[in-house]
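The residues making up each chain are set out below.
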Amino acid sequence: MAIAFNYDLVKGRHDLIAGLTVAAISFPQAMAYALIAGVDPRFGVYSAIVVTIAASVFGSSSHLINGPTSAISLLVFTALAFIDPENATELFEGLFLLAVLVGAFQIVISLFKLGNLTRYISESVIIGFMAAAAFLLAIGQLGNALGVRDKGNGHMQVLRRVWLTLTHGDHINYRALTLSAAAVVLAVVLRKLVQRYRWPQIDMLAVLIVTALIAYLAGWSVPGSNGHTAVAVAAKIPRSLPTVHVPEVHTGWLPHLSSGALAIAFVGIIEALSIAKAIAYQTNQQIDYNRQIMAEGLANLAGGFFQSLPGSGSLSRSAINFQAGARTRFSGIVSAATVAAALLLFAPLLRYVPQAALAGLLLVTAARLVDFRRLVYTLKASKYDAGLVVVTAFTGVAIDLDKSVLLGVVLSILLFVPRAAKLKARELVVTPERVVRERIPGDSVDPSIVIYDLEGELFFGAAPELDRYLSEISRRVADEGIRFVVVRLKRVRHPDVVCIERIEHFLRDETARGVTILLAGVRPDTLGMLHNVGFQSWFPAEQVFPEEDEEFSATLKAVRYANHKIDGPAPLTAPAEIAPHPQLYYLV
């Protein structure tokens, strides 16, 4: 079978430029995010190679760039907190096993097509999570920014560790403080210049180069006679590409790592899909969400076997990729290849990058992580949204981030179900002007016909509400001797067996009492489920009115059918059950 490739030199040139531009920011970000996760910077760089390539090959979005992100790195730090940070071997094995678990969870979510479940996770949860992540990111870098060693251990709550570091730690290293302050100022100024003059977005790389030069020329990053540098520098990164490594499986770690991996899997999916959707909205690209989730899983799974930090879609790198003119996923491959080449060429120079400069960049990143306008807007919107933001953010800061995500997901679903279960029912009337609309106080009613409009989700959670409405109709029919009931089902959605069974019992009971029930505006999914349970074998087909013609609605057909039965046959020129009355229409 011949395969046509719609790729040319023009697309290739755009992808090449975009990939090179993205690589300029990927390298410093990868090192910084590994620092957030509390692991060797090389694993962040490896992630910017392996995870980025795998996601680009298997993904759906033409512009999404995967790799290490600040939010994922914070979750990784939390997930690995039970391992002694001084035991580098176990810490690294835990990291790789965590990446494999994250990938496995995401692949399972894709295989079972559960990606759509992410739409039930409130955006308020993500806003609360990002607020907590930004706060933890900022305070977690205070030690590096001040040039002091972090106190405490991973088993301690983060605020307690920061308190110990600031009050019982070393004296402030003013050289480090100078470098971190310079990094913050440079990052802010250069970003404004980049945006104003539309320069290539290499501001983060420029900050690291400038601060590294300052530290080198001042002699702060060069070992002295005692073998130590005046300021802490980034760990030495070997001039080699990631190699295959099968993580060691410690069964005692699995309970600790599984909850963290699940949180990372959820956040990674939400992060990636949100960014992909936002860019696709501007490009009109159709995104296959389950395919993209599968790509996220395969990328993290591969990363776990190639010594990489777990990753997800990066907002900053994806935006740069899009703005730089990328046309296809090949730009991600170019970016990863460029990072790999830079690693082989410039790895020895990375040992001159001061940790304080990286900390300054991360402080700026923390501030940019939160959309403060969106946060305030959400807090003002409703008590529901404000509650989700506060609970998620508080849990993230007071306990840990992975539990805040899982709690937020659970709360979103628990709060969604009661809202979705609120089935509504309204009585409709035919006015003297022959208009069908919602009944209001003072309206006279037809003693022979009653019309009810149901609206909402017809799933098991709505069954109590449905029972109440159907019982109310039955009581009214019995008390007032009503002969015809029109039940409008046009605005009910997603029926399940519980509610269909309730409707069937209502129809059988009322039919047995001699009442004619007319179902109007029946949607195909509802009608299909009724047919599946044998509805057509006992309920007259002429009493079912599917919604087919917007100009003359099924509700009107049902009302005219009832009037025809009550008043007798209409003239042959205008059959009552078919022809529309020129002044009879439906208004809600």
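On a predicted model such as this, the values are computed, not experimentally measured, just so you know.

Participant: Could you clarify how one ought to interpret the overall build of the protein chain in this entry?
Facilitator: When helices and strands are tallied, the protein chain shows 21 helices and 9 strands. In terms of C-alpha radius of gyration, the protein chain reaches 31 Å, well past the compact-globule figure of 25 Å for 588 residues. By the burial criterion, 51% of the 588 residues in the protein chain qualify as buried. Put simply, 81% of the contacts in the protein chain that link residues at least 6 apart link residues at least 24 apart. Carbon and sulfur atoms form 62% of the exposed surface of the protein chain, whose accessible area is close to 28,000 Å². Between the averaged position of the 50 positive side-chain charges in the protein chain and that of its 46 negative side-chain charges there is a distance of 9 Å.

Participant: Would you mind showing me how to read empty space enclosed by the protein here?
Facilitator: Where empty space is left in the structure can be found by rolling a water-sized probe over the atoms. Scanning the model with the defined rule gives 1 cavity of 30 Å³ or more in all. The space that makes up the largest cavity amounts to roughly 40 Å³. Taken together, Leu454, Leu470, Val487, Leu489, Ile503, Phe506, Leu507, Ile517 and Leu519 make up the lining of the largest cavity. Per element, the largest residue contribution to the lining of the largest cavity is 3 residues, and it comes from helix H19 (residues 497–512). Tallied by class, the residues present in the lining of the largest cavity amount to 9 nonpolar, no polar and no charged.

Participant: Explain the UniProt feature "transmembrane region" (unreviewed entry) in the protein chain to me, please; I cannot follow it from the model alone.
Facilitator: The UniProt feature table records "transmembrane region" (unreviewed entry) at residues 16–37, 43–59, 95–112, 124–143, 172–190, 202–222, 261–281 and 330–346. Between the C-alpha atoms that bound residues 16–37 the distance is 30 Å, and the span itself is 100% helix and 0% strand. Along residues 43–59 the backbone is 94% helical and 0% strand, and the end-to-end C-alpha distance reaches 22 Å.

Participant: Just to check I follow, could you spell out unusual backbone geometry for this structure?
Facilitator: Glycine aside, negative phi is the norm for most residues, and most peptide bonds take the trans geometry. A positive phi angle is found at Gln307, which is not glycine, with a value near 60 degrees. Positionally, Gln307 belongs in the loop between helix H11 (289–305) and strand S2 (312–313). With relative accessibility at 13%, the residue Gln307 sits in the buried group.

Participant: Could you clarify how one ought to interpret a nonpolar patch on the surface in this entry?
Facilitator: On the surface, Ile209, Leu213, Tyr216, Leu217 and Val222 cluster together into a nonpolar patch covering about 500 Å² of accessible area. The topology assignment puts Val222 in the loop between helix H9 (203–217) and helix H10 (254–283).

Participant: I keep staring at the environment of Ala99 and nothing clicks. Help me out?
Facilitator: With respect to the secondary-structure elements, Ala99 resides in helix H4 (residues 88–111). In sequence terms Ala99 and Asp402 are 303 residues apart; their C-alpha atoms lie 15 Å from each other. In this view, Ala99 contacts Asn300, Leu301, Gly304, Ser308 and Pro310; residues no more than four positions away in its chain are not counted.

Participant: Sorry if this is basic, but what is going on with the packing of helix H5 (residues 123–140) against helix H15 (residues 372–381) here?
Facilitator: How two helices pack is summed up by the angle between their axes together with the distance between the axes. One way to put it is that H5 packs onto H15 with a least axis distance of 11 Å and a crossing angle of 130 degrees. By the angle between their axes, H5 is oblique relative to H15. Our pair here, H5 against H15, has a crossing hand that is left-handed. Only Arg374, Leu375 and Thr378 of H15 make contact with H5, whose side of the interface consists of Glu123, Ser124 and Ile127.

Participant: Sorry, what's going on with the packing of aromatic side chains here?
Facilitator: Given two aromatic rings, their pairing is described by the distance between the two centres and the angle made by the two planes. Taken as a whole and assessed by the stated rule, the structure comprises 11 aromatic pairs. With a centroid separation of 5.4 Å and an interplanar angle of 20 degrees, the aromatic rings of Tyr197 and Trp199 are classed as stacked. The exposure class assigned to Trp199 is partly exposed, which follows from its relative accessible area of 43%. Seen from their ring centres, Trp538 and Phe539 are 5.7 Å apart, and the 85 degrees between their planes marks the pair as edge-to-face. Take Trp538: its relative accessible area is 24%, and that puts it in the partly exposed class. Given the relative accessible area of 3%, Phe539 is considered buried. Counting every residue linked through ring pairs, the aromatic cluster contains Phe43, Tyr46, Phe92 and Phe96. Against the face of Trp538 rests Arg508, its NZ or CZ located 4.0 Å from the ring centre.

The rules behind the values
Residues numbered from 1 in each chain as written. Predicted model: local features only at pLDDT ≥ 70, side-chain atom pairs only at ≥ 80, totals over all residues. Heavy atoms only, no water. Helix = DSSP H or I, 4+ residues; strand = E, 2+ residues; numbered from the N terminus. Rg over C-alpha atoms; globule rule 2.2 N^0.38 Å. Buried < 20%, exposed > 50% of the residue type's maximum accessible area, 1.4 Å probe, protein only. Contact = heavy atoms within 4.5 Å. Areas by Shrake-Rupley, 256 points an atom, 1.4 Å probe, with all protein chains shown as cover. Lys, Arg positive; Asp, Glu negative; His and termini not counted. Charge placed at Lys NZ, Arg CZ, Asp CG, Glu CD. 1 Å grid on protein atoms, 1.4 Å probe; cavity = no way out; pocket = protein on both sides within 12 Å on 5 of 7 lines; lining within 4 Å. Points joined across faces, edges and corners; volume = space filled by probe spheres on them. Nonpolar A, V, L, I, M, F, W, Y, C, P; charged D, E, K, R; others polar. UniProt positions renumbered as here; feature names shortened; annotations may be inferred. Patch = residues over 30% accessible without salt bridge, like charges linked within 9 Å, V, L, I, M, F, W, Y side chains within 5 Å. Salt bridge = Lys/Arg side-chain N within 4 Å of Asp/Glu carboxyl O. Axes fitted to C-alpha atoms, helices over the stretch in contact; angles between N-to-C directions. Parallel < 35°, antiparallel > 145°, perpendicular 65-115°, else oblique. Left-handed = near helix turned anticlockwise from the far one by under 90°. Phe/Tyr/Trp six-rings, centres within 6.5 Å; stacked < 30°, edge-to-face > 60°. Lys NZ or Arg CZ within 6 Å of the ring centre and 35° of its normal.

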